[in-house]
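Spelled out, the chains give:
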Amino acid sequence: MKDEKTPLLSLQNLCKYYTGSNVVVGLNHLNISFRAGEFVAITGESGSGKSTLAHVISGMLPYEGGEMLLNGKPTSHFDSGDWERYRRESVSFISQNYGILPGSTVLGNVVSALRITGMEKGEAEQKAEELLRLVELWDKRSRRAAKLSSGQKQRLCIARALLKKPKILILDDSTSAVDTHTDAMIRKAFA
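Owing to the predicted nature of the structure, the values given are computational and were not obtained by experimental measurement.

Parameters and conventions
- Residues numbered from 1 in each chain as written.
- Predicted model: local features only at pLDDT ≥ 70, side-chain atom pairs only at ≥ 80, totals over all residues.
- Heavy atoms only, no water.
- Helix = DSSP H or I, 4+ residues; strand = E, 2+ residues; numbered from the N terminus.
- Contact = heavy atoms within 4.5 Å.
- Areas by Shrake-Rupley, 256 points an atom, 1.4 Å probe, with all protein chains shown as cover.
- 1 Å grid on protein atoms, 1.4 Å probe; cavity = no way out; pocket = protein on both sides within 12 Å on 5 of 7 lines; lining within 4 Å.
- Points joined across faces, edges and corners; volume = space filled by probe spheres on them.
- Nonpolar A, V, L, I, M, F, W, Y, C, P; charged D, E, K, R; others polar.
- Pairing = 2+ DSSP bridges.
- Axes fitted to C-alpha atoms, helices over the stretch in contact; angles between N-to-C directions.
- Buried < 20%, exposed > 50% of the residue type's maximum accessible area, 1.4 Å probe, protein only.
- Parallel < 35°, antiparallel > 145°, perpendicular 65-115°, else oblique.
- Left-handed = near helix turned anticlockwise from the far one by under 90°.

Hey, could you go over the overall build of the protein chain for me, with residue numbers and the actual values?
When helices and strands are tallied, the protein chain shows six helices and six strands. Along the protein chain, helices and strands appear, N-terminal first, in the series β-β-α-β-β-α-β-α-α-α-β-α. The contacts of the protein chain with a sequence gap of at least 6 include a subset with a gap of at least 24, amounting to 66%. Counting every atom, the protein chain has about 11,000 Å² of accessible surface; 50% of that belongs to carbon and sulfur.

In structure tokens, the structure reads:
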């Protein structure tokens, strides 16, 4: 059983390097902890490592040094199957390019994501309606995702990210500029 004082996620002297003709430091001995229910904004100049940090925390990029602890347990020994399970069960990642299906409808974007998990069509449509109402896109359900405004695309991404009720929701770069109304929606979804 997890001790309530144990952070959900903790980075201890975490290092990430990019190698090519030169070695570029992405993260250099980073120490930070995140608690369940905490909302955190990471700010900094372009190229300062914000996206690298988001990709490492989400399990999409490996780290080379230090440790990332999940509920107090190390992840440095994780193999590809462990990382896949971590991404599937614990993390939802909203990228700079939204990651939606532009040719599909708003409803289709959410239903297809639910169907991939094995959910029956009727149940998926019902759950999709619930999520789209939460992010105030139900009235846009028949619109193609490509025709949405940037803010609406962001909310569609949030609806898709909330499908699995992640422990960790990461909004990378441009999508992190969440307006107050959308921020309230996300907080309500996690309540």
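Structure's up, so let's keep going.
Give a description of the layout of surface pockets that names residues and reports values.
In this structure, the second largest pocket occupies an estimated 600 Å³ of space. Lining the second largest pocket we find 22 residues, and of these Val-91, Ser-92, Arg-160, Ala-161 and Lys-164 sit closest to its centre. Ranked by residue count, the leading element in the lining of the second largest pocket is strand 5 (residues 91-94), at four residues. Grouping the amino acids of the lining of the second largest pocket by side-chain chemistry returns 12 nonpolar, five polar and five charged.

Let's hear about the sheet that holds strand 1 (residues 9-19): which residues, and what values?
Read from one edge to the other, the open sheet built from four strands follows the order 2-1-3-4, with strand pairing classed as antiparallel. Across the chains shown, the open sheet's two edge strands, defined by having one partner strand only, are strand 2 (23-34) and strand 4 (73-74). Along the sheet face, helix 1 (residues 50-57) touches strand 1, strand 2 and strand 3 (65-70) and points at about 115 degrees away from the line of strand 1.

Which residues make up helix 1, and what are the values?
Counted residue by residue, helix 1 has seven buried out of eight residues, so it is predominantly covered. Those residues of helix 1 that sit buried are Lys-50, Ser-51, Thr-52, Leu-53, Ala-54, Val-56 and Ile-57. On its buried face, helix 1 sits against strand 1, strand 2, strand 3, helix 2 (80-90), strand 5 and strand 6 (168-171). Directly beyond the C-terminal end of helix 1, a positive phi value near 85 degrees is found at Gly-59.

So, the environment of His-55: which residues are in play, and what are the values?
Secondary-structure assignment places His-55 in helix 1. Residue class for His-55 comes out partly exposed when judged on its relative accessible area of 23%. Look past the residues within four positions of His-55 in its chain and what remains in contact with it is Met-60, Leu-61, Phe-93 and Asp-172.

How would you summarise the packing of helix 3 (residues 106-116) against helix 4 (residues 121-134) if you had to cite specific residues and measurements?
Where helix 3 contacts helix 4, the axes come no closer than 9 Å and their chain directions differ by 125 degrees. The orientation of helix 3 relative to helix 4 falls into the category oblique. In this structure, helix 3 crosses over helix 4, and the sense of that crossing is right-handed. Along its contact with helix 3, which presents Val-106, Leu-107, Val-110, Val-111, Leu-114 and Arg-115, the element helix 4 presents Lys-121, Ala-124, Glu-125, Lys-127, Ala-128, Leu-131 and Leu-132.

Mind laying out unusual backbone geometry, listing which residues take part and the relevant values?
Here Asn-13, not a glycine, exhibits a phi torsion of approximately 50 degrees, which is positive. Position of Asn-13 among the secondary structure elements: in strand 1.

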